[in-house]
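# Coordinate analysis (summary)
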Amino acid sequence: VQLVESGGGLVQPGGSLRLSCAASGFTFSSYVMRWYRQAEGKERELVATITTAGGSTGYADSVKGRFTISRDNARNTVYLQMNSLKPEDTAVYYCNVFWFRNYWGQGTQVTVSS
């Protein structure tokens, strides 16, 4: 299993970023995918979840209405569109799949600062 995140960077408050996670090594379309984040000095937290066909999504209260998770099963990729970013969204963002155990990518840094 390999998960490779991309799309992070430095953005001003109120800005947007789109994260991508390219997956391989498992049947992507058969598994729920998740995005987590971990801010410095804090525990890793669940941000968003998407079911296998993308028909159902869930979000942490802190990002509801601002973030959108989606997936393209033909491309084995899951996305996280982040709008109206706030300084408290600064963190390393990880995509995740549970297939007998948790698998994580290397993470992508998102920094929201003026």
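Presented here is a report on the structure given in the accompanying data block. (Residues numbered from 1 in each chain as written. Predicted model: local features only at pLDDT ≥ 70, side-chain atom pairs only at ≥ 80, totals over all residues. Heavy atoms only, no water.)

## Here we look at the pairing of strand β1 (residues 2-6)
- The alternating pattern of β1 places L3 and E5 on a buried face, while none of Q2, V4 and S6, on the opposite face, is buried.
- Bridge analysis of β1 against strand β3 (residues 17-24) gives 5 bridges, and the strand direction is antiparallel. Note on β3: the bridge partner recorded for V4 is A22. (Buried < 20%, exposed > 50% of the residue type's maximum accessible area, 1.4 Å probe, protein only. Helix = DSSP H or I, 4+ residues; strand = E, 2+ residues; numbered from the N terminus. Pairing = 2+ DSSP bridges.)

## Section: the state of the cysteines
- For the coordinates displayed, the defined rule picks out 1 disulfide.
- With a sulfur-sulfur separation of 1.9 Å, C21 is cross-linked through a disulfide to C95. An S-S torsion of about 40° defines the bridge between C21 and C95 as right-handed. Here C21, found in strand β3, pairs with C95, found in strand β9 (residues 91-99); they are 74 residues apart in sequence, far enough to count as distant.
- A residue is classified by how much of its surface remains accessible, and C21, at 0% relative accessible area, is buried.
- You can call C95 buried: its relative accessible area is 0%. (Disulfide = S-S within 2.5 Å.)

## Notes on the pattern of salt bridges
- Here the structure, examined in full by the defined rule, presents 5 salt bridges.
- Here R37 and D89 are joined by a salt bridge, their closest N and O atoms 2.9 Å apart. One end of the pair, R37, is in strand β4 (residues 33-38); the other, D89, is in the loop between β8 (77-82) and β9, with 52 residues separating them in the sequence.
- Taking the shortest distance from any N to any O, the salt bridge between D89 and R66 comes out at 2.7 Å. Remark: R66 occurs in the loop between β6 (57-59) and β7 (67-72) and D89 occurs in the loop between β8 and β9; sequence separation between them is 23 residues. Exposure class is identical for D89 and R66. Each is buried.
- Salt bridges here are not isolated pairs; linked through shared partners, they connect R37, E45, R66 and D89. (Salt bridge = Lys/Arg side-chain N within 4 Å of Asp/Glu carboxyl O.)

## Examining the environment of G58
- If you trace the backbone, G58 turns up in strand β6.
- The exposure class assigned to G58 is partly exposed, which follows from its relative accessible area of 27%.
- C-alpha separation for the pair G58 and T90, spaced 32 residues apart in sequence, amounts to 20 Å.
- Setting aside its immediate chain neighbours within four residues, G58 contacts V47, A48 and T49. (Contact = heavy atoms within 4.5 Å.)

## Thoughts on the nonpolar core
- Core analysis: the biggest nonpolar cluster contains 28 residues, and L3, W35, V78, L80, M82 and Y93 have the highest contact counts within it.
- Among the elements of the structure, β3, β4, β5 (45-50), β7, β8, β9 and β11 (108-112) are those that each provide at least two residues to this core.
- Leaving out residues up to four positions away in the same chain, V78 has contacts with L19, S20, C21, F28, M33, W35, I50, I69, S70, R71 and C95. (Core = buried A, V, L, I, M, F, W, Y, C linked by side-chain atoms within 4.5 Å.)

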